[in-house]
Amino acid sequence: LGERDITNSYADYSFDIPSPMMKPDSNVIDLHFSGTPDYIPGKLFSIGKTGLTVTKNIYILSEGFLSGNRSIIQVDAKDYSRNNRGFNIVVIDPDTCIVKDSVSFDTFKEGKYAREMIDYIASITDGDIVAVSVKDDASTYYDDELKQALHSIGANGDFNKCYRCSYIILGVKG
């Protein structure tokens, strides 16, 4: 796809992928950066356009069934993801960056887990940082109500029944 210059601040980037390059089962895009990341102890890192800043590194990885089948949600290199099939969610205190909770919802298996996830997201305190990673598949019981719940924690776009797709969110509730 070529090279693209990026800014030193938050920005959205998009790439057009020619249809001959797309596979019907699994598509993986690797981003490679030259140079070294600017990780400075005590430096504030912004979460998107929320205005919230944190001093700890948050790393999220999602791999659908066909591209690795795992979920990782790390805060300062410690993994808090349950690494279960479906949506894995980690809630982080915005002031201390201490993990408040780690849960998972197998929305591939049963509709009741989608309802439980909607209720869980509603119970998260406004202002909390929320990290989400999908493992294997989470699309079977994904619907508009679950989409709206995910938007309440900062998701944009739509997971839209994407079978065995990777999906991550790093957002702030409210």
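Our structure is the block above this text.
Analysis parameters
- Residues numbered from 1 in each chain as written.
- Predicted model: local features only at pLDDT ≥ 70, side-chain atom pairs only at ≥ 80, totals over all residues.
- Heavy atoms only, no water.
- Core = buried A, V, L, I, M, F, W, Y, C linked by side-chain atoms within 4.5 Å.
- Buried < 20%, exposed > 50% of the residue type's maximum accessible area, 1.4 Å probe, protein only.
- Helix = DSSP H or I, 4+ residues; strand = E, 2+ residues; numbered from the N terminus.
- Contact = heavy atoms within 4.5 Å.
- Salt bridge = Lys/Arg side-chain N within 4 Å of Asp/Glu carboxyl O.
- Lys, Arg positive; Asp, Glu negative; His and termini not counted.
- Polar contact = N/O pair within 3.5 Å; in protein donor to acceptor, adjacent residues only side chain to side chain.

Novice: Got a minute to help me understand the nonpolar core in this structure?
Specialist: A general tendency of soluble globular proteins is for nonpolar side chains to be buried together. One finds Phe87, Ile89, Met117 and Leu150 to be the most contacted residues of the largest nonpolar core, which totals 23 residues. Looking at this core, the elements that each hand over two or more residues are strand 6 (86-92), strand 7 (99-105), helix 1 (111-123), strand 8 (129-136) and helix 2 (144-151). Broken down by element, the residue count for this core peaks at 5 residues, all from helix 1. If we ignore the near neighbours within four places in the chain, the residues touching leucine 150 are Phe87, Met117, Ile121, Tyr142, Ala155, Tyr167 and Ile169.

Novice: Could you clarify how one ought to interpret the pattern of salt bridges in this entry?
Specialist: Side chains that differ in charge, positive against negative, can pair when their charged atoms come close. Under the counting rule described, the total for this entry stands at 5 salt bridges. Here aspartate 119 makes a salt bridge to arginine 115, at a shortest N to O gap of 2.9 Å. Here aspartate 119 and its partner arginine 115 are both found in helix 1, 4 residues apart, which amounts to about one turn of the helix. Given the relative accessible area of 42%, aspartate 119 is considered partly exposed. In this structure, arginine 115 engages glutamate 145 in a salt bridge whose closest nitrogen and oxygen atoms are separated by 2.8 Å. Of this pair, arginine 115 sits in helix 1 while glutamate 145 sits in helix 2, and the two are 30 residues apart along the sequence. What makes glutamate 145 partly exposed here is its relative accessible area of 41%. Taken together, the salt bridges that share partners define one network made up of Arg115, Asp119 and Glu145.

Novice: Could you clarify how one ought to interpret the side chain of lysine 173 in this entry?
Specialist: Within the fold, lysine 173 resides in the segment after strand 9 (168-172). Aspartate 126 provides the closest opposite charge to the buried, unpaired lysine 173, separated from it by 4.1 Å. Polar side-chain contacts of lysine 173 include one of 2.8 Å to the backbone oxygen of isoleucine 121. When sequence neighbours within four positions are dropped, the list of residues in contact with lysine 173 reads Ile121, Ala122, Ile124, Thr125, Asp126, Gly127, Asp128, Val130, Ser152 and Ile153.

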